[in-house]
Amino acid sequence: MIGYGAIARAVHTGLRTDAQALIRQVLVRETRCAAIRQATGDDVGVISSVDALHTDTRFVLECAGHEAVRAYGAEILARGISLGIVSVGVLADDELHEALRRAAAGSGAQLVILPGAIGGTDAIAAAGPENLTMVTYTGRKPPMAWAGSPAEDQFDLAGITEPTVLFSGTAREAARQYPKNANVVATVALAGRGFDDTKVSLVADPGANGNTHEIAARGPLLDFSFTTGGRPLAANPRTSALTAMSAVRTLRNLTGTVVV
Ligand SMILES: NC(=O)C1=CN([C@@H]2O[C@H](COP(=O)(O)OP(=O)(O)OC[C@H]3O[C@@H](n4cnc5c(N)ncnc54)[C@H](OP(=O)(O)O)[C@@H]3O)[C@@H](O)[C@H]2O)C=CC1
Ligand SMILES: O=C([O-])CC(=O)C(=O)O
C-alpha cells in the first residue's frame, strides 16, 4: 500500500483480521519511516522505494495522492505488478495516463481505477461512451471540507450560510484544480464520456450531512441518477469513509472465490 494517511490506516484496520487479503508493506516517504513503523506494528514492512517491494508482490494499492501516482505508478506497473489507485484525478494529465497505460501494457499488469467514495460507476461503465449522451456530476460537502482547496482563496468558507457553487466546469478542470476532492469526478469521467465531456459542479453546502456525490446520465440504454451520501472519515473530513471500504473490497476481490 502506498501512503499511511487516513484512507490507508482505515484499509489496514479493515483488513487486519482478514484471511483473504494481507497488507505486507507500506511505501512511505523516507523521512516518515520510523514514525510509521511504530504506528503499523510488526506485521507490516515499512519501505521508502519501489525497489524494496517484495518480488512476489501481486498488487499495490495507492492511497497517497496525485504526487505518489506520478512518483511510483509507471515503475510499479513496468514490473508487472498491478496498481489500484484512488487518486484517479491525476489521470486528467493525458501524458501521465498514457505512460501508465504503456507501462501496464508492456508488462501485462493492470491499472485498476477504484470506485472510491462513489457508487454507480459500474452502470456508467457498462453503458459506455457510445450509449451515453450526457453525464453530469455534482459533489456537495460541508463548507469546511473544502478547506485546503482553491475554493479557500475565492470564498470565505467559514462564512457560507447557503449552498454555494464553488466550481462549475469540465471533469478535467475539476480533477486538476481539486486534487483532493475531485477524484471521484475522474472516475465518473473515465467510466463514461471522458474528462472533457463530463460536466461537474462542486458545492459547499452548510446543510450537507457528509459528502454527497450525485451522478446523472442519459442515453439510449438508460436514464440514470445515483446519489451517494457518504459519511466522512474521522481522520480526514474531506474524505468519505466509503473510499477505504472500496479499497478493502478491491483487495478482497483479488482472491475471492465469489466476487461481487
Ligand atoms: N477516489 C476517491 O474516492 C478518493 C480519493 N482520494 C485520494 O486519496 C488521497 C489520500 O487521501 P487521505 O488518506 O484522506 O489523505 P491523507 O492526507 O490523510 O493521507 C495521505 C498520505 O499519503 C502520504 N503520501 C503523500 N505523498 C506520498 C508519496 N509521494 N510517497 C509516500 N507517501 C505519500 C502522506 O504522507 P506525508 O504526510 O508524508 O505527505 C499521507 O500519509 C487523496 O489525496 C486523494 O488523492 C481521497 C478521497 C476520495
Ligand atoms: O471522499 C470523497 O468524498 C471524494 C473525494 O474527496 C475525492 O473524490 O477526491
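Residues numbered from 1 in each chain as written. Chains lettered and ligands numbered in written order. Predicted model: local features only at pLDDT ≥ 70, side-chain atom pairs only at ≥ 80, totals over all residues. Heavy atoms only, no water.

Moving on, we get to the sheet that holds strand 3 (residues 59-62). Note: strands within a sheet are paired through backbone hydrogen bonds, in either parallel or antiparallel orientation. As summarised here, the arrangement of the 3 strands in space is 3-4-5, forming an open sheet in which the pairing is parallel. Single-partner strands in this sheet number two, and they are strand 3 and strand 5 (111-113). Direction aside, neighbouring strands of the sheet carry axes that sit 20° apart on average. Sheet topology places strand 3 next to strand 4 (residues 82-85); 4 bridges connect them, and they run parallel. Directly across from valine 60, in strand 4, lies its bridge partner leucine 83. On the sheet, helix 3 (residues 66-78) packs against strand 3, strand 4 and strand 5 and is oriented at approximately 150° with respect to strand 4. (Pairing = 2+ DSSP bridges. Helix = DSSP H or I, 4+ residues; strand = E, 2+ residues; numbered from the N terminus. Axes fitted to C-alpha atoms, helices over the stretch in contact; angles between N-to-C directions. Contact = heavy atoms within 4.5 Å.)

Here the focus is the site of ligand 1. Among the 27 residues in the neighbourhood of ligand 1, the closest are listed as Arg29, Arg32, Ser87, Ala117 and Asn236. Backbone polar atom of glycine 5 to an oxygen atom of ligand 1: 3.4 Å apart, as the coordinates give it. One of the backbone N or O atoms of isoleucine 7 is found 2.9 Å from an oxygen atom in ligand 1. Isolated, ligand 1 exposes 920 Å² of accessible area, and the fraction of that covered by the protein chains is 85%. By residue number, the principal contributor to the shell around ligand 1 is helix 3, which donates 4 residues. For the shell around ligand 1, the class distribution of residues is 13 nonpolar, 10 polar and 4 charged. (Near = heavy atom within 4 Å. Polar contact = N/O pair within 3.5 Å; in protein donor to acceptor, adjacent residues only side chain to side chain. Areas by Shrake-Rupley, 256 points an atom, 1.4 Å probe, with all protein chains shown as cover. Nonpolar A, V, L, I, M, F, W, Y, C, P; charged D, E, K, R; others polar.)

Below, the discussion takes up the packing of aromatic side chains. Counted by the stated rule, this structure contains 3 aromatic pairs. Here the aromatic rings of phenylalanine 224 and phenylalanine 226 are separated by 6.2 Å at their centres, their planes lie at 5°, and the arrangement is stacked. Phenylalanine 224 sits in the buried class, given a relative accessible area of 15%. These aromatic residues form a ring-pair network of at least three members: Trp146, Phe167 and Tyr178. Taking the ring centre of tryptophan 146 as reference, the NZ or CZ of lysine 141 above it sits at 5.8 Å. (Phe/Tyr/Trp six-rings, centres within 6.5 Å; stacked < 30°, edge-to-face > 60°. Buried < 20%, exposed > 50% of the residue type's maximum accessible area, 1.4 Å probe, protein only. Lys NZ or Arg CZ within 6 Å of the ring centre and 35° of its normal.)

What follows concerns the nonpolar core. In terms of nonpolar packing, the biggest core is built from 55 residues, with Ile2, Ile76, Tyr137, Tyr178, Phe195 and Val200 touching the most fellow members. Among the elements that take part in this core, helix 8 (residues 183-191) stands out by supplying 6 residues, more than any other. Looking at which domains feed residues into this core, each of domain 1 (6-117 + 242-255) and domain 2 (121-238) supplies at least three. When near neighbours in sequence (up to four residues on either side) are disregarded, isoleucine 76 contacts Ile2, Val50, Leu53, Val60, Ile81 and Leu83. Of all hydrophobic cores here, the second largest spans 25 residues; its members include Met1, Tyr4, Leu15 and Leu233. (Core = buried A, V, L, I, M, F, W, Y, C linked by side-chain atoms within 4.5 Å. Domains from an automatic or database assignment.)

If you walk through the whole model with that rule in mind, you get 0 disulfides. Not engaged in a disulfide, the cysteine cysteine 33 finds its nearest cysteine sulfur in cysteine 63; these two sulfurs lie 17 Å apart. (Disulfide = S-S within 2.5 Å.)

Moving on, we get to the UniProt feature "domain: Aspartate/homoserine dehydrogenase NAD-binding" (unreviewed entry) in the protein. As recorded in UniProt, the sites labelled "domain: Aspartate/homoserine dehydrogenase NAD-binding" (unreviewed entry) are residues 3-111. Secondary structure across residues 3-111 comprises 41% helix and 14% strand; the distance between its end C-alpha atoms is 18 Å. (UniProt positions renumbered as here; feature names shortened; annotations may be inferred.)

Quick look at the site of ligand 2 now. Around ligand 2, the surrounding shell holds 13 residues, and the nearest of these are Lys141, Asn183, Val184, His213 and Ser240. The side chain of lysine 141 places a nitrogen or oxygen atom 2.8 Å from an oxygen atom of ligand 2. In this structure, an oxygen atom belonging to ligand 2 sits 2.6 Å away from a side-chain N or O atom of serine 240. If you list the elements that add at least two residues to the shell around ligand 2, you get helix 8, strand 9 (211-218) and strand 12 (236-240). Ranked by residue count, the leading element in the shell around ligand 2 is strand 12, at 3 residues. Classifying every residue of the shell around ligand 2 gives 3 nonpolar, 7 polar and 3 charged.

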